2 protein chains.
Amino acid sequence: MTKAPLGNLLFADAPMGAPPAPGLCPIRDVLSLVGQKWTLLILIALEAEPRRFSALQRAVGDISKRMLTQTLRDLERDGMISREVFPTKPPAVEYALTDLGRSALAPIAGLKDWANRHHGAIKAARTAFDGV
Amino acid sequence: MTKAPLGNLLFADAPMGAPPAPGLCPIRDVLSLVGQKWTLLILIALEAEPRRFSALQRAVGDISKRMLTQTLRDLERDGMISREVFPTKPPAVEYALTDLGRSALAPIAGLKDWANRHHGAIKAARTAFDGV
DNA sequence: GCTTGGCGGTCTACATACGAGACCATATCC
DNA sequence: GGATATGGTCTCGTATGTAGACCGCCAAGC
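In this text, all values refer to a predicted model and were calculated from it rather than measured experimentally.

### Considerations on empty space enclosed by the protein
If a probe the size of a water molecule is rolled over the atoms, the empty space left behind becomes visible. Enumeration over the complete set of coordinates arrives at 1 cavity of 30 Å³ or more. Computed from the structure, the largest cavity encloses a volume of approximately 60 Å³. Considering the residues around the largest cavity, the lining is formed by A:Leu111, A:Trp114, A:Ile122, B:Val30, B:Leu33, B:Val34, B:Met80, B:Ala104, B:Pro107 and B:Ile108. For the lining of the largest cavity, the secondary-structure elements that each account for two or more residues are α6 (99–131) of chain A together with α2 (26–34) and α6 (99–131) of chain B. When its residues are assigned to classes, the lining of the largest cavity shows 10 nonpolar, no polar and no charged.

Right under this line is the structure:
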């Protein structure tokens, strides 16, 4: 019973026994998105209002175009944001949160709260550990 | 006012204007831990009871000793788990969740719930996107 | 005509993260 | 002596993440 490796089920309700196929474990899937460096930042930047490519880059500040493009693609692929192209003279591209993307902000806020509450403890633990 | 790049504050309450120093942004810090491949798996494996090194490796299933060691070190450094060595003949080492580590399981559960609820939508969006 | 600058990206190069497996010292079992 | 188990470290090669230069298009300035 407990013989099936955790890696296959990843504390989700996925079937056991199978090799760790992609898409098998919800949490793993979601984390591989959320865990990326810029994902959350972009979601937050879009929370208030839709933004265009360059506006996003300016808002985030230190992200390269390459990473911005890639992260936006990933988010779009997962249905978290929408991408709309306006055929203006210099073509404008606007990105906006979808309902799915907006719904993700709630659990993320929970994580953010935890982070803010316990960040001091983490930093203290780190200092103590490194000081040894 | 909105001139300070988001990257510096990372939607947390960190002071603005400074370069993105490590440890400045709680969320970034926490995510760099949680976003690692094995971190959550190990926290989950330790949720029920403390475990020894080899027991952890067997529980997770497909993790190498190298990654197990490294992830455990990181978790210990951040005060999420404790490490206790028993001077038995073949020395035994037991890992357990600290209070801090245990407190992190709550927000993680929130994320897990969201993942389970919306994983279908994400997979559908992915299929649609890839099918284009 | 020529340059300069913004827009929305792609392409190339490097650093880090990850994975597979050898190796170590000790001790027990057969 | 050989196999097994303990808790690791070390080296190597590969996958992935990240940054920075580059590109074609168009508009404005001169």
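### Section: the relation of the copies chain B and chain A
Its rotation angle being 180°, the transformation that places chain B on chain A also includes 0.1 Å of axial translation and leaves an RMSD of 0.2 Å. Taken together, the rotation and translation describe the operation of a two-fold axis. Residue B:Gly35, judged by its C-alpha, is the member of chain B lying nearest the rotation axis, at 2.1 Å. By residue overlap, the copies meet face to face through one surface: 100% of the interface positions of chain B are interface positions in chain A.

### Description of the protein's contact with DNA strand C
What surrounds DNA strand C is a group of 17 residues, the closest being A:Ser54, A:Arg66, A:Arg83, B:Lys37 and B:Trp38. Each atom of DNA strand C within 4 Å of the protein was assigned to sugar, phosphate or base; sugar and phosphate come to 55%. Within the side chain of A:Ser54, a nitrogen or oxygen atom sits 2.7 Å from a phosphate oxygen of DNA strand C. In this structure, A:Val93 approaches DNA strand C through a main-chain N or O atom, which is 3.0 Å from a phosphate oxygen. Only α4 (53–60), α5 (65–77) and β3 (92–97) of chain A together with α5 (65–77) of chain B provide two or more residues apiece to the surface near DNA strand C. At 4 residues, the largest contribution of residues to the surface near DNA strand C is made by α5(A).

### Section: the sheet that holds β3(A)
Residues and elements named next belong to chain A. Pairing within the open sheet is antiparallel, and its 3 strands lie in the order β1-β3-β2. The sheet terminates laterally at β1 (51–52) and β2 (81–86), the two strands that pair on one side only. Examined bridge by bridge, β1 and β3 share 2 bridges and lie antiparallel to one another. Bridge pairing in β3 places arginine 51 opposite tyrosine 95.

Rules and cut-offs
- Residues numbered from 1 in each chain as written.
- Chains lettered and ligands numbered in written order.
- Predicted model: local features only at pLDDT ≥ 70, side-chain atom pairs only at ≥ 80, totals over all residues.
- Heavy atoms only, no water.
- 1 Å grid on protein atoms, 1.4 Å probe; cavity = no way out; pocket = protein on both sides within 12 Å on 5 of 7 lines; lining within 4 Å.
- Points joined across faces, edges and corners; volume = space filled by probe spheres on them.
- Helix = DSSP H or I, 4+ residues; strand = E, 2+ residues; numbered from the N terminus.
- Nonpolar A, V, L, I, M, F, W, Y, C, P; charged D, E, K, R; others polar.
- Least-squares fit on C-alpha atoms with pLDDT ≥ 70 in both.
- Contact = heavy atoms within 4.5 Å.
- Near = heavy atom within 4 Å.
- Polar contact = N/O pair within 3.5 Å; in protein donor to acceptor, adjacent residues only side chain to side chain.
- Pairing = 2+ DSSP bridges.

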